[in-house]
Amino acid sequence: MEMPHQSHAPPIKDRRADSLGDFKYLPDEVICAILDYLTPPDLARLACVSRRLYRCHTTLDGFSFDDGNVGRKKNTSVEQFRREYDGIKPVLLNGLADTWPARSTWTIDQLVSKYGDVAFKISSSLKFSMKFKDYVSYMKQQHDEDPLYIFDDKFGESAPGLLKDYTVPQIFIEDFFDVLEKDRRPPFRWLVIGPARSGASWHVDPALTSAWNTLLCGRKRWALYPPGTVPLGVTVNVDDDDGDISVDSPSSLQVYGSYIPGPVFYLLVLVTFAESFFACVQWWLDFYPLLANENKPIECTQLPGETIFVPSGWWHCVLNLETTIAVTQNFVNSRNFEFVCLDMAPGYCHRGVCRAGLLALDEDSLEIIEKNMANGKGNFKYSDLTKKKKKKNVGILRSQESENGKETADGSYGLWEHDFSYDINYLAMFRNGELDHFSSPWNLDNSIGPQDLREWLSKLWLENPGMREMIWKGACLALNADRWLDCVGKICFFHNLPFPNENAKLPVGTGSNPVYVMDEYVVKIFAEGGPQSSIFDLGTELEFYSTLCEVNSPLKNHIPNVLASGILHMENGSYKIDPWDGKTVPDVIRNIAMLPENGTGDAFPFGVRSKKLFKYRKIVSTEYGPDSSEESTIILLPYLITNRCKGKIYAKLRDILPWEDVLSLASFLGEQLRNLHMLPYPSFSNSALSDFEQNKEVSLANSMDMEFISNESYIPVECKIFVRTLIQEKKNASSRLSDRGGPIPRTLIEKAEAYLPDDLMKLLFIYEENGKKKIGKPWSWIHKDIMDDNIYMECKSCSNGIPAPTTNGSVNGHSNGGEAKSWCPSYILDFSNLSVGDSIYDLIPLHLDVFRGNSTLLKQFLKSYKLPLTRKKTKQGSMRVSDDKFGRLSYHAMCYCILHDENALGSLFKVWKELRTAESWEEVELKVWGELNDYEGFP
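Criteria and cut-off values
Along each chain, the written sequence defines residue order, and numbers are assigned to residues from 1. Selection of residues for local features in this predicted model requires a pLDDT of at least 70, selection of side-chain atom pairs for listing and counting requires 80 or more, and totals for whole chains, interfaces and linings are taken over all residues. To get the side-chain values, take all heavy atoms of the structure and skip hydrogens and water. Secondary structure elements are defined from DSSP: runs of H or I of at least 4 residues count as helices, runs of E of at least 2 residues count as strands, and each element is numbered from the N terminus. Remark: exposure states derive from per-residue accessible area (1.4 Å probe, protein chains only) relative to the maximum for the residue type, with buried under 20%, exposed over 50%, and partly exposed in between. Only heavy atoms matter for contacts: two residues are in contact if any of them lie within 4.5 Å across the pair. Per-residue accessibility takes into account occlusion by the displayed protein chains alone, with areas from the Shrake-Rupley method and a 1.4 Å probe. Stacked, tilted and edge-to-face pairs are distinguished by plane angle, under 30 degrees for stacked and over 60 for edge-to-face with tilted covering the rest, among Phe, Tyr and Trp rings (Trp via its six-membered ring) whose centres lie within 6.5 Å. We count a charge as sitting over a ring when the NZ of a lysine or the CZ of an arginine lies within 6 Å of the ring centre and within 35 degrees of the ring normal. When charges are counted, Lys and Arg contribute as positive and Asp and Glu as negative, whereas His and the chain ends are disregarded. Here, a salt bridge means any Lys or Arg side-chain nitrogen found within 4 Å of an Asp or Glu carboxyl oxygen. N or O atoms closer than or at 3.5 Å make up a polar contact, with two conditions inside protein: a donor-capable atom paired with an acceptor-capable one, and, for residues adjacent in sequence, both atoms drawn from side chains. Strands are labelled as partners when DSSP assigns at least two bridges between them. Only the contacting stretch of a helix is used when fitting its axis, a line to C-alpha atoms as for every element, and angles between N-to-C directions run 0 to 180 degrees. Side-chain classes follow a simple rule in which Ala, Val, Leu, Ile, Met, Phe, Trp, Tyr, Cys and Pro form the nonpolar group, Asp, Glu, Lys and Arg form the charged group, and the remainder, Gly included, forms the polar group.

- Identification of the chain as JmjC domain-containing protein from Hibiscus sabdariffa is taken from an unreviewed UniProt entry.

Structure, rendered in structure tokens:
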């Protein structure tokens, strides 16, 4: 097929020599004769090798597409851009980079001169970096079919001078992620450098953000499709279980497989050879010619100095025609904000439809949509869409003619066959409204975490009162904010409390439950894990508060006063509230058969004993998993109302506090953790655990260890549950760490299971005394979640503990040129995760999050804590790796980090970045927890 403007392209190069290699010296007749002797598999291998060699040496001179159908504009105003392009269609913009220093200084030679020794990230599955001078040497010598490509989102940190060479164009200046702190916002800007043949395969930008890309050097060819229009060569795989989709996309030049054209459909057929199952082809040569004119992508060639805008949801791929240097940024603005929020809502179906259109649905769901539309119904419910069993990871047949977007009269791309439209109201109908942000699994593909999402929306809400209508709609999509506000309103009405004001309409905090902070009080609704988990969380917290009062612990002076507690539930189609102090079994719980495992005879039937058995059951039993789908749809919401603390959380103050106040905080936490760990906790009975094991189907994994633990009478029940839980967590520890992603080094993940003890009982510090075996670990109440957002501090030099706003509006106690305020710790918050266990567990969030790995603060904490972490004395002095590892408290702490039910290791390697190159877990252990080996407690 002729390429556009063939007459202006350079003469077609004879690639016979490049393709044949050393066979080029043979006449064609001899080569054909040799081929006659080859078997079909050998012939296929030869063809594959020849084509790969061809791709490695092919030139791209004829790939330029100078008369593309992406408009070019110069001197575009913000108003014109928003009116004609933002959220509508791509555009090439000229003049935006004319005044940038980068326009003249970002050349290969100048960058090598200035940044030659700086290492930049390489776009590769291997995740490595190269010094720029080495990368340039590679570029000049390589003939790779898929060349390495600099794609670095941290270039501003490794080479900060580059940030001074450009400015964000005014038309893209609105970016709602700017309100997040630097270390909390997702990656958003990249330095992009690569040779000819490198590029980006077909994709939709993360979180449905929009993007701009300014080219400083070289030429790029772009191909784009509107939202929901899956390009030819891209295979959409739909997961039967949850509707999640994954995309197999060919590289800019190649794909594994061949497409066979038919009258309507193109079917991906994998060709299997003897030792490999791919026939490598070039996307631009093998797919592009198959497209009818009306189905071709929107395309253009980007020239130096031009900026291309890619709207939210658009598919695009990029091919570098020569060595290129570019900078690109993704952003969230008022036009794509609701799409970004929808993308972070729980569930998968809506995410798939946003990207793959109706390919993300099965035939039954499509039929339902068509019937609704034919009957004039403009919407439907997600629950109406039935799921038809479909084989996992299989390429779906797709109609090229019926799924590509059609440009409307106003130049936009909005409506497709089957009435698909990239409209927020239409796409939101595919969201499963029964799933909730607080109780549903978080999609690991999301660009930010759930706590960061809530903080982001809360900051936007407070800082942009003029945009609250839009922010509210986004919060309803992402968080079910309307549902939660309705619930908290009913709670406030029942208890004669004022309704949340305009500033308090969104849940706050980074915990796992919705929390509403009013002027004088705080309402926390328990939602994490579903109805059953929530009941146990509140029941345990109420039991804990009761214990504090019974023993008159000093800790109670540093915990907010409880004003009321209860259960909000649905009864006969309307909400009802039952007050609950945790000491009874409410009728609503009896009616839905959610009785605790060990019966109802305890003073607190849903207290810590029942909670531990419930959590243990979910981990080790094959009969029980997370709250069932039926339970998860039950509207049963426990809640707690407390006084509002005065002051500010430590997370907002850590960067401005004087060192003396930080040391005071460490001492305060040592004292209060001592008070917590000295509290008596309810005794656990062997009968409850035995009854469970006899009546429930327990996983047979590590059954010998389980049986041995059961027969050891000297081991308390709570310790047995603890060890058995660790045994389950150890199963497939490496794969679990891999799934969490983040900065955990791959080499250490592979060594995790070998580092962990074969006999986890040894973590109990079992020793003999007077001929009897004993447990050397002190067991206690543990908070499990003492982090910087769960600690309140009061201003010592301010009235009522709250600093007055400064003239510049600052309320953080530290203003430019003003006198710094002094703060003292006052309260510890959020006891939702209370449990009973090894007191070392509380040191993990404390050291990794609150202290950020500062050993001086850990020493200060231990000096005030004073309690021993083992009853059996360990060796004096520092411990060596060659010593008995179970004698090192650091080993215990490190094992708990690896087996932690939260991503403790992710936090660890963010604090100690230098440990990402560690060769052993022992190296990490002693660096992070070595201080514990010299600690025995103080008199």
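1. Topic: the overall build of the chain
Then, in step 1: In terms of regular secondary structure, the chain is built from 32 helices and 32 strands.
Then, in step 2: Within the chain, buried positions represent 53% of all 939 residues.
Then, in step 3: For the chain, the share of sequence-separated contacts (at least 6 apart) that also reach a separation of at least 24 residues comes to 77%.
Then, in step 4: Accessible area for the chain stands at about 41800 Å²; split by element, carbon and sulfur atoms hold 50% of it.

2. Description of the packing of aromatic side chains
Then, in step 1: All chains considered together, the criterion is met by 40 aromatic pairs.
Then, in step 2: Ring plane angle 55 degrees and centroid distance 5.5 Å describe the contact between Trp-100 and Tyr-166, whose orientation is recorded as tilted. Of this pair, Trp-100 sits in the loop between strand E2 (91-94) and helix H5 (102-105) while Tyr-166 sits in the loop between helix H8 (155-158) and strand E6 (189-194), and the two are 66 residues apart along the sequence.
Then, in step 3: Taking relative accessible area as the criterion, Tyr-166 reaches 6% and is therefore assigned buried.
Then, in step 4: Taken together through their ring pairs, the aromatic side chains of Phe-81, Trp-100, Trp-106, Tyr-166, Phe-172, Trp-212, Phe-309 and Phe-331 make up a single cluster.
Then, in step 5: Over the ring of Trp-484 we find Arg-483, and its NZ or CZ is 4.7 Å from the ring centre.
Then, in step 6: Above the face of the Trp-472 ring, Lys-505 is positioned so that its terminal group lies 4.7 Å from the ring centre.

3. Remarks on the side chain of Asp-152
Then, in step 1: Topologically, Asp-152 is positioned in strand E5 (residues 150-152).
Then, in step 2: Buried charge without a partner: Asp-152 forms no salt bridge, and the closest opposite charge is Lys-121, 4.9 Å away.
Then, in step 3: A polar side-chain atom of Asp-152 sits 2.7 Å from the main-chain amide nitrogen of Lys-154.
Then, in step 4: Ignoring sequence-local partners within four residues, the contact set of Asp-152 consists of Ala-119, Phe-120, Lys-121, Ser-158, Arg-189, Trp-190 and Leu-191.

4. Here we look at the sheet that holds strand E26 (residues 648-649)
Then, in step 1: The strand order E26-E30-E31 describes an open sheet built from three strands, whose pairing is antiparallel. Of all the strands in the sheet, the pair left with one neighbour each is E26 and strand E31 (823-828).
Then, in step 2: Here E26 pairs with strand E30 (residues 791-795) via two bridges, running antiparallel. The residue bridging Ile-649 from the neighbouring strand is Tyr-792, located in E30.
Then, in step 3: Seen against the sheet, helix H22 (residues 659-677) touches E30 and E31 and runs at an angle of roughly 25 degrees to E31.

5. Focus: the packing of helix H6 (residues 108-115) against helix H7 (residues 132-141)
Then, in step 1: For the pair H6 and H7, the least separation of the axes is 9 Å and the interaxial angle reads 150 degrees. Packed against H6, whose contacting residues are Ile-108, Leu-111, Val-112 and Tyr-115, the element H7 presents Phe-132, Lys-133, Val-136 and Met-139 at the interface.
Then, in step 2: Among the residues making up the contact of H6 with H7, the classes are represented as seven nonpolar, no polar and one charged.

6. Remarks on the pairing of E30
On a regular strand, each side chain points to the face opposite its neighbour's, so the side chains alternate between the two faces of the sheet.
Then, in step 1: Counting buried residues in E30 gives four out of five residues, a clear majority hidden from the surface.
Then, in step 2: Note that E30 and E31 share five bridges and pair antiparallel. Following the sheet pairing, Cys-795 is matched in E31 by Trp-823.

7. Considerations on the pattern of salt bridges
Then, in step 1: Enumeration according to the criterion identifies 32 salt bridges in this entry.
Then, in step 2: A salt bridge links Glu-84 to Arg-83; its shortest N-O distance comes to 3.7 Å.
Then, in step 3: It is possible to trace a salt-bridge network through shared partners that takes in Arg-184, Asp-452, Glu-455, Lys-459 and Lys-652.

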